[in-house]
Amino acid sequence: HLAQQKELWIIGFYFLYVYYWLLGKAKGESSLIAYLNIPFEVEAYSNESNKLYLRQRKKHNWRKYLV
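Residues numbered from 1 in each chain as written. Predicted model: local features only at pLDDT ≥ 70, side-chain atom pairs only at ≥ 80, totals over all residues. Heavy atoms only, no water.

1. Things to note about the layout of surface pockets
As a volume, the largest pocket reaches approximately 230 Å³. Taken together, His1, Leu2, Ala3, Gln4, Glu43, Ala44, Asn47, Asn50, Lys51, Tyr53, Leu54 and Arg57 make up the lining of the largest pocket. Listing elements by their share of the lining of the largest pocket, those giving two or more residues are α1 (2–7), α4 (39–46) and α5 (53–56). Residue composition of the lining of the largest pocket, by class: five nonpolar, four polar and three charged. (1 Å grid on protein atoms, 1.4 Å probe; cavity = no way out; pocket = protein on both sides within 12 Å on 5 of 7 lines; lining within 4 Å. Points joined across faces, edges and corners; volume = space filled by probe spheres on them. Helix = DSSP H or I, 4+ residues; strand = E, 2+ residues; numbered from the N terminus. Nonpolar A, V, L, I, M, F, W, Y, C, P; charged D, E, K, R; others polar.)

Okay, structure coming up:
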């Protein structure tokens with residue numbers, strides 16, 4: 001999540017992280033599902049096996065994982 005944190009100045013990352021988790025909880029999702037649906041987590045889990053991902057990643061690429 002370091003690349004995501006750099007893009008959002010750390011405080012923005014954590015603000016959005018909690019926001020997306022609370023949004024999931026408000027939709028009635030369990031804590032685990034709300035966590036797994038956070039765009040930062042979706043991006044990370046989707047690309048965890050790609051060792052070159054951080055070199056190829058476009059800035060703010062987490063946005064394409066918005067649910």
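2. Looking at the pattern of salt bridges
Per the counting criterion, the structure on display carries two salt bridges. The residue Glu7 makes a salt bridge to Arg57 at a minimum N-O spacing of 2.5 Å. Pair noted here: Glu7 is in helix α1 and Arg57 is in the segment after α5, with a separation of 50 residues, a long-range link. Arg57 carries the same exposure label as Glu7, and that label is buried. The structure contains a network of salt bridges with shared partners spanning Glu7, Glu43 and Arg57. (Salt bridge = Lys/Arg side-chain N within 4 Å of Asp/Glu carboxyl O. Buried < 20%, exposed > 50% of the residue type's maximum accessible area, 1.4 Å probe, protein only.)

3. Some remarks on a nonpolar patch on the surface
Residues Leu32, Ile33, Leu36 and Tyr45 make up a contiguous nonpolar surface patch of about 360 Å² in total accessible area. On the secondary structure map, Leu36 appears in helix α3 (residues 31–36). (Patch = residues over 30% accessible without salt bridge, like charges linked within 9 Å, V, L, I, M, F, W, Y side chains within 5 Å. Areas by Shrake-Rupley, 256 points an atom, 1.4 Å probe, with all protein chains shown as cover.)

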